[in-house]
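# A look at the structure
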Amino acid sequence: MGEYMTFEEYRQLCQEINRHNYLYHVLDAPVISDGEFDRMLARLREIEKDHPDWISTDSPSRRAGSPPSDKFNKVNHPTPVLSLANAFSVSEVRAWYERLLRLDERVKDAGFVLEPKIDGLTVVLSYRDGSFVGGATRGDGETGEDITSNIRTIKQVPLRVPVAADASLQPPSSLVVRGEVFILIRDFEALNQRLSENGEKTYLNPRNTAAGSLRQLDSSITASRPLMLLVYQVLASDGQVPATQWQTLEYLRRLGFPVTDTAEYCAGIDEVIAGCERWLQQRDRFPFEVDGVVIKLNDLALAEELGVVGKDPRGALALKYPAREVTTSLKDIGVNVGRTGVLTPYAILEPVEVGGVMVKQATLHNYDFIAEKDIRIGDRVLIKRAGDVIPYVIGPVIDARTGSERAFTPPDACPACGQKAEHFEGEVAWYCVNASCPAQLVRNLEHFVSRPAMDIEGLGIKIVEQLATAGLVKDVADLFTLKKEDLLKLEGFAEKKAENLVQAIDQARLQPLPRLLNALGIRGVGEVMAADLTAVYPDLESLGAATVEELQAIEGVGPNIAGAIVDWFSQPANRQVLAKLQAAGVTPRQVGAARASNALNGATFVVTGTLPGFTRDGVREFIQSNGGKVTDSVSSKTDFLVVGENPGSKLEKARALGVKVLDENSLRRLVQGE
Ligand code: IVH
């Protein structure tokens, strides 16, 4: 039994709970513990049991969801819920501005607001006398679907506004606002993980998840989804509303709505352009998917006067980021043989442009992935290409199936040599274990001659394939005994080209030891690890004689890498390659032994841009020979970014992560111990 309470006290408790919910979910600044919050809610439920007639639409007890319905009712929006025109380049943004200027010269003195374009779903939220009374989807902009009981479960949606009592802020008797419902990328990943562990269907991307979660007929399912909200527009109100977009954001924030804290005010078009350029670089700073920047005229009356074209208001524009996800048809599935013999399926696609690049192939990870996602040949598939990441298939678009798609059966043999594929306990990958598989040889050679390894100029994948197919090269050591006459037998080789290649190979004999070690392709031994190992072991003989225990004494070497190294040197075939390399005069320079200093004391460096006093490899070797490590990309583990002329996006990233930035001179001073 609830203790005796008046209606006034009950209303006060509702308000208190709503306020704590706001502090927790919107401001991220709770002032009471979860336990205390739960006790307040339990007390409220008790009272509501005794006084069911007191329960109002804004009671926090109703966030848990209500009985499932069989369909959503249609609702008319009080005013059209407009869309946005798109621009795909900064110059289109300027063209938009100039069109506006020709329509109305006041645009020249008008300010603008930049906001993130959240890749979620528009929702329309209605309030009467401050209470949340209805939530709807955008639908066609005129009529949407009534999803009130689903919206109510979203903790960031205020059930009463203003959330915190504020004498100076009277809510209008009718208020309709617009916002975007979405899900954080990490919550999307966790949810998919949970769904797949339960054998349920997973979602394709965060947007799809937010949409699926909002359109549940059973709102208790919506309640279990970590949906978020950001509000950015007053659609209708019978009270006094702000005259500018900037003030609107502030007004909505004061009422207790979640509002983006990354909006920017720009005084004129030049600031808008500069802002857009910056935003294009900073796409990944948001924990949720953002598909562009929205540019809005700050003066709302002026924006209104400029009117609409179709469904797009003239006074706002979306500058879209290059798409990272597109759909295309899966024409076939091929299988690649990796350097270690691992068999990886890849998608052969109907060519499609993603983020400015034509994509014809994408990885399918492994056979289990294809089975789990039920990917079939002929499917329409969603593919993603983000930054430097290799394009990959996310999954099939089930709704686009026609029935003519075929399931994929993994081949039971290596597609390159025909040997039976093998599978090891506890691993998802399938392998070709044939040591003389031609495909593995090609991958090995490719890695051996690559830039960070032996760096043999003029020896690309095509020539590597020719050499392997012609049987001229059976292992990496054979490269060093190639003669001009051998090369002349190959298609596309004339005197000069053959001579150059032989000379380039000859020069590689003297590459530094870390490069040779990296080139050998031992699992786990890349550029950085090779430099660390050769700092301790001055030649391959001593490294080959090291035990697992000894190797593990080196920082960064765990049991896996130590095991892989010992295993590699124990293979007779590898020992033979080493002997052949030595016989062919491959005698690497020993930078490790000739360490200049240990001034950099193991710190991790990334280099970007051109340094006037160094070549690319020169600066790398300078850092390494003074005890530093060099890696390719900036992360939280990077200690210093060395910046030259024309630095790329690495500088932005370093700044965002608070990584120290050095120029060439400060690097030299650091080495001198200053
Ligand atoms: S303003 C008249 N602002 O983008 C105002 N829209 O492609 C029109 N969107 O349907 C919308 N973030 O769902 C606006 N900060 C933002 C937005 C935003 C995401 C969505 C919205 C709209 C779509 C248009």
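One structure accompanies this document, and this report is about it.

Criteria and thresholds
For every chain, the first residue of the written sequence is number 1, and numbering continues from 1 onward in sequence order. The predicted origin of the model limits local features to residues at a pLDDT of at least 70 and limits the giving and counting of side-chain atom pairs to 80 or more, whereas totals for whole chains, interfaces and linings rest on all residues. In computing side-chain values, all of the structure's heavy atoms are included and hydrogens and water are not. Numbered from the N terminus, helices here are DSSP runs of H or I no shorter than four residues, and strands are runs of E no shorter than two. The cut-offs for exposure are 20% and 50% of the maximum accessible area for each residue type, with area from a 1.4 Å probe on protein chains only; residues under the lower value are buried, those over the upper are exposed, and the others partly exposed. Here, residues are in contact when the closest pair of their heavy atoms is within 4.5 Å. Only strands joined by at least two bridges in the DSSP assignment are considered to pair. Here an angle of 0 to 180 degrees is reported between the N-to-C directions of two axes, which are lines fitted to C-alpha atoms, with helices fitted over the stretch in contact. Only a single heavy atom is needed: when it lies within 4 Å of a molecule or strand, its residue is near that molecule or strand. Between N or O atoms, a polar contact is any pair within 3.5 Å; within protein, one atom must be a potential hydrogen donor and the other a potential acceptor, and residues adjacent in sequence are included only when both atoms are from side chains. Each accessible area is a Shrake-Rupley result for a 1.4 Å probe, and residues are judged covered by the shown protein chains and nothing else. In this scheme Phe, Tyr and Trp rings, the latter by its six-membered ring, pair at centre separations within 6.5 Å, and the angle between planes marks the pair as stacked below 30 degrees, edge-to-face above 60, and tilted otherwise. Any Lys NZ or Arg CZ that is within 6 Å of a ring centre and within 35 degrees of that ring's normal is treated as a charge sitting over the ring. A helix is expected to reach a length of 1.5 Å times the quantity of its residues less one. Angles below 35 degrees are treated as roughly parallel, those above 145 as roughly antiparallel, those between 65 and 115 as roughly perpendicular, and all remaining angles as oblique. Each residue gets one label: Ala, Val, Leu, Ile, Met, Phe, Trp, Tyr, Cys and Pro are nonpolar, Asp, Glu, Lys and Arg are charged, and the others, such as Gly, are polar. Note on terminology: a nonpolar core comprises buried Ala, Val, Leu, Ile, Met, Phe, Trp, Tyr and Cys residues joined through side-chain atoms within 4.5 Å. For the charge count, each Lys or Arg is scored as positive and each Asp or Glu as negative, with His and the chain ends excluded. Each salt bridge in this description consists of a side-chain nitrogen of Lys or Arg and a carboxyl oxygen of Asp or Glu lying within 4 Å of one another.

On to the overall build of the protein. Scanning the protein from terminus to terminus reveals 24 helices and 24 strands. Projected onto its principal axes, the C-alpha positions of the protein cover 95 × 55 × 50 Å. Taking all 674 residues of the protein together, 46% fall into the buried category. The contacts of the protein with a sequence gap of at least 6 include a subset with a gap of at least 24, amounting to 67%.

Once that is clear, we can look at unusual backbone geometry. Residues Val 161 and Pro 162 are joined by a peptide bond in cis, for which omega reads -10 degrees. With respect to the helices and strands, the residue Pro 162 is situated in the loop between helix H4 (148-151) and strand S7 (174-182). Its identity is not glycine, yet Asp 374 carries a phi of approximately 50 degrees, on the positive side. Along the chain, Asp 374 falls in the loop between helix H11 (367-373) and strand S17 (380-384).

A word on the sheet that holds strand S21 (residues 604-608). The four strands lie next to each other as S22-S21-S23-S24, forming an open sheet whose pairing is parallel. Only two strands of the sheet have a single neighbouring strand rather than two, namely strand S22 (629-630) and strand S24 (660-662). Relative to strand S23 (residues 640-643), S21 is paired through four bridges, and the arrangement is parallel. If you follow Phe 605 over to S23, its bridge partner there is Phe 640. Seen against the sheet, helix H23 (residues 649-657) touches S21, S23 and S24 and runs at an angle of roughly 145 degrees to S23.

Residues in close proximity to the ligand total 15 residues, the closest being Glu 115, Lys 117, Thr 122, Glu 180 and Lys 296. Contacts to the ligand include Lys 117, whose side-chain N or O atom sits 2.8 Å from an oxygen atom. Arg 178 places a side-chain nitrogen or oxygen 3.0 Å from an oxygen atom of the ligand. Taken by itself the ligand offers 530 Å² of open surface, and the protein chains cover 88% of this. Looking at the shell around the ligand, the elements with two or more residues in it are strand S3 (112-118), S7, strand S8 (228-237) and strand S10 (290-297). For the shell around the ligand, the leading source of residues is S3, giving four residues.

The antiparallel open sheet is built from four strands, whose spatial order is S5-S4-S7-S8. Pairing within the sheet leaves two strands with one partner each, and these edge strands are strand S5 (131-137) and S8. Across the sheet, the mean angle separating the axes of adjacent strands is 30 degrees when strand polarity is ignored. Of the strand pairs in this sheet, S7 and S8 are connected by eight bridges, and their pairing is antiparallel. Along S8, the bridge assignment pairs Glu 180 with Leu 230. Running at roughly 40 degrees to strand S4 (residues 121-128), helix H6 (residues 206-214) makes contact with S4 and S7 of the sheet.

Let's shift gears to the packing of aromatic side chains. If you walk through the whole model with that rule in mind, you get 16 aromatic pairs. Taken together, a centroid distance of 5.1 Å and an interplanar angle of 40 degrees make the contact between Phe 614 and Phe 622 tilted. For Phe 614, a relative accessible area of 17% corresponds to the buried category. Ring pairing ties together the aromatic residues Phe 182, Trp 279, Phe 286 and Phe 288, which thus form one cluster. Its end group placed over the ring of Trp 279, Arg 285 keeps NZ or CZ at 4.7 Å from the ring centre. We note Arg 668 situated over the ring of Phe 622; from NZ or CZ to the ring centre the distance is 5.7 Å.

Here we take up helix H1 (residues 7-25). Taking 1.5 Å per residue, 19 residues should reach 27 Å; H1 reaches 27 Å between its end C-alpha atoms and fits that length. The set of residues buried in H1 consists of Tyr 10, Leu 13, Cys 14, Ile 17, Asn 18, His 20, Asn 21, Tyr 22 and Leu 23. Where H1 is buried, its residues contact helix H2 (34-50) and helix H8 (245-255).

What follows is about the environment of Leu 657. Its location among the elements puts Leu 657 in helix H23. Spatially, the C-alpha atoms of Leu 657 and Pro 78 are 45 Å apart, while their sequence positions differ by 579 residues. If we skip the residues at most four places from it in the chain, Leu 657 touches Val 634, Ser 635 and Ser 636.

Of all seven residues in S3, seven are buried, a share of seventy percent or more. Looking at chain direction, S3 and strand S9 (residues 264-266) are connected through three bridges and run antiparallel. Bridge assignment links Leu 114 to a residue of S9, and that residue is Glu 264. Summarising the sheet, S3 and S10 pair through seven bridges and their orientation is antiparallel. Of the residues in S10, the one forming a bridge with Lys 117 is Gly 292.

The next subject is the pairing of S7. In terms of residue burial, S7 counts as a mostly covered element, since nine of its nine residues are buried. On S7, burial covers both faces: Ser 174, Val 176, Arg 178, Glu 180 and Phe 182 on one face and Leu 175, Val 177, Gly 179 and Val 181 on the other are all buried. Bridge count for S4 against S7 is eight bridges, and the pairing is antiparallel. Bridging across to S7, Leu 125 finds its partner in Val 177.

Looking now at the packing of helix H20 (residues 559-570) against helix H21 (residues 572-583). For the pair H20 and H21, interaxial distance at closest approach is 5 Å and the crossing angle is 75 degrees. Between H20 and H21, the crossing angle belongs to the class labelled roughly perpendicular. Taking contact as the criterion, the partners of Trp 568, Phe 569 and Ser 570 in H20 are, on H21, Pro 572, Asn 574, Arg 575 and Leu 578. Considering only residue class, the contact of H20 with H21 consists of four nonpolar, two polar and one charged.

Attention shifts here to the nonpolar core. Core analysis: the biggest nonpolar cluster contains 54 residues, and Phe 448, Leu 479, Phe 480, Leu 533 and Leu 581 have the highest contact counts within it. When contributions to this core are tallied by element, the ones reaching two or more residues are helix H12 (438-449), helix H13 (461-469), helix H15 (495-508), helix H16 (513-519), helix H17 (527-536), helix H18 (540-545), H20 and H21. Setting aside residues no more than four positions away along its own chain, Phe 448 makes contact with Ala 453, Met 454, Asp 455, Val 476, Leu 479, Phe 480, Leu 516, Ala 519, Leu 520 and Leu 581. Grouped together as the second largest cluster of nonpolar side chains are 35 residues, Leu 229, Leu 252, Leu 255 and Phe 257 included.

In this section: the side chain of Glu 405. Tracing the backbone through its elements, the reader meets Glu 405 in the loop between strand S18 (392-396) and strand S19 (422-423). Put simply, Glu 405 is tucked away with no salt bridge, and the nearest opposite charge, on Arg 401, sits 4.6 Å away. A polar atom in the side chain of Glu 405 sits 2.8 Å from the backbone nitrogen of Thr 402. Here Gly 403 takes part through its backbone nitrogen, which lies 2.9 Å from a polar atom of the side chain of Glu 405. Once residues within four sequence positions are removed from consideration, Glu 405 is found in contact with Arg 376, Ile 377, Gly 378, Asp 379 and Ala 400.

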